[in-house]
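Here are the chains, one letter per residue:
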Amino acid sequence: MTRGRCGSLLLHRDGLAPSTPCRSPGALRFHPDEAIVTAVRNVFARFAETGSARRVWLWFRSEGLTFPLQMHQNAEIRWVEASYTAIHHVLTNPVYAGAYAYGKSRRETMLDAAGARTKRVRQLPRSEWQVLIPDHHPGFIDWQTYEANQDRIAKNTRPGPHKVGGAVREGSALLQSLASCGHCGRRLHTHYRGRSSAPGYHCPGKILVEGRGVYCLNIGGIQIDEAVSRAFIAALEPAKLAATLAAAERLEADRETSLKQWRLGVERASYKASRAERRYRAVDPDNRLVARGLEREWEESLSALEAAKAELARRELQRPRVLSQEERDRMLALGHDLAAVWHAATTTPRDRKELLRALLEEVIIKVERDKAAAHLTLRWKGGALNEIDLALPRSRPATIRTDEDTIALVRRLAVHYPDTVIAGILNRQGRTTVYGHRFEAGRVGNLRRYWDIPCFEAGPSSTRGELASIKKAAVVLGVAPSTLHRWLNDGIIPGEQLTPGAPWRIRLTDDLIARFSETAGDGFVTMHEATRKLGVSRQTVLQRVKRGELEVVHVTNGRKKGIRIKVITRQSELFDQTS
């Protein structure tokens, strides 16, 4: 095939020169080079088995097979290492399915951010193609197979919301991309836990709707996968022997497909060597400059031919063309016990998932924790349904548990502090976990979740003033945190502490904020003057302030910052006069 405006690599127009455009009359036919046609047929054959363009590409690479490349219509076809883009192009181009398509893309002119005109080519969906004529010419596959392939390729991409699908991955969770939630209908996500990476399924509804909270479904996958596997094996019971024979034939076909392409490669190398020899013998011997170049080309062609023959011989030795009678007997024996094949170590999780997808459309999982039961609905290809009820293991009570006093304290602290602060409080009180470890934020969080203790949420401020930490209150009042600690110790201002070791907090009421000002009012004096006027010690003055008998403010402006006390002088002339 030539890659021209037809969009194909391997079709020629019968009776036309290679440069004739595709709109000219003439019948399309397969490329006369059998190696090129075989390479394309291998692409479709491998995709029918694997269902993935990437796995077809990896198979070409693992087998060391090359792929034809033609840069433009009149260029010579070169054999290069297969690329994913080339494989994907063959699988998605309708011309390989015998259809003629025109107008699959459109050139658009746009303005960028700077206002300059830019042009781009936009690929259009099939509904917007200008021309699409199925069964226009012979193809490698029919149109129905092409549409099924496109649907399969589309399902390998990330599915949309509330839809199952997606490419098969290597994890052990068999229902990856097949399971959906029986409560809200969303596609279940897979996860792996523990040292053995046990699979599990959970519903992402809490992230999509609530933003936080609990999963509407979260269940381990071992029992679920085993139940689905038993149902799948039971469904295949009548087809055991036929499936075994088909597997044997497919294995032989795979071996023959790879070897056939290597044999065609040897033929191609032999032709190039013969052509180089003819060109060398046809040159004038006196023209030594041309003769030396043609001789070198002939020697290189002979070396490539010997290498191709050696590689073909090695592969024929390593991979026999047909199964031996012993291999057939072994496979037929396994056919009587499909469960042994399913659980064999050589059967990978990816293989099991591919087999499940061949028959299963969706598995709906619904969990009832209060009844310790799970209900599975298997929707098979074709619309048939199968119901399975599973009894889930009940969680036994913990043999060791955190003491009730610590749990009660965490329940009180969680209303006011995050997990990090709670861990510090518990450590300062000398408390440890049930295993004797120091508390950390993660361990406090696990303890909260186990006992259904809500996490800390900053709520609206109280009408009596905001309850702030020492650091935040110091910023609001414009003083140092050490000053607030000193006033707390002296009892001048009130503070709150939920438990010993917990941080002190101060409620920023209007009365408290009024005690911190830039200047003191009339009648306020320093501590030294207050002790002198009252004739008492400093400790007595602080005690009277603590009892509320004296007013006090903290001056936050000027070089002489500190407390000022309002002292009412005793008017002795009103009481000392005698009659």
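Residues numbered from 1 in each chain as written. Predicted model: local features only at pLDDT ≥ 70, side-chain atom pairs only at ≥ 80, totals over all residues. Heavy atoms only, no water.

**Student:** Please clarify how the overall build of the chain should be interpreted in this entry.
**Tutor:** For the chain, the count of helices and strands is 20 helices and 21 strands. Within the chain, buried positions represent 37% of all 579 residues. Summarising the internal contacts of the chain: among those between residues at least 6 apart in sequence, 57% fall at separations of at least 24. Total accessible area on the chain stands at roughly 34,900 Å², and carbon and sulfur atoms take up 52% of it. (Helix = DSSP H or I, 4+ residues; strand = E, 2+ residues; numbered from the N terminus. Buried < 20%, exposed > 50% of the residue type's maximum accessible area, 1.4 Å probe, protein only. Contact = heavy atoms within 4.5 Å. Areas by Shrake-Rupley, 256 points an atom, 1.4 Å probe, with all protein chains shown as cover.)

**Student:** Any chance you could explain the environment of Leu58 here in plain terms?
**Tutor:** Topologically, Leu58 is positioned in helix α2 (residues 53-63). Each C-alpha atom of the pair Leu58 and Ser83 lies 9.2 Å from the other, and the pair is 25 residues apart in sequence.

**Student:** How should unusual backbone geometry be read in this particular structure?
**Tutor:** Keep in mind that most residues, glycine aside, have a negative phi and that most peptide bonds are trans. A positive phi is found at Asp135, a non-glycine position, where the angle reads about 55°. When its relative accessible area of 65% is taken as the criterion, Asp135 is described as exposed.

**Student:** Would you mind going over the pattern of salt bridges with me for this structure?
**Tutor:** It is possible for side chains of opposite charge to pair when their charged atoms get near one another. For the structure on display, the rule yields 10 salt bridges. Here Arg401 ties to Glu404 by a salt bridge, and the two come within 3.3 Å at their closest N and O atoms. Of the charged contacts, one joins Asp419 and Arg448 as a salt bridge, the two residues approaching to 2.9 Å between their closest N and O atoms. On the criterion of sequence distance, the pair formed by Asp419 in helix α13 (residues 419-428) and Arg448 in helix α14 (residues 441-450) is long-range, its members being 29 residues apart. Accessibility assignment for this pair places Asp419 and Arg448 in one class, buried. Within the structure, one salt-bridge network assembled from shared partners comprises Arg106, Glu108, Arg120 and Arg122. (Salt bridge = Lys/Arg side-chain N within 4 Å of Asp/Glu carboxyl O.)

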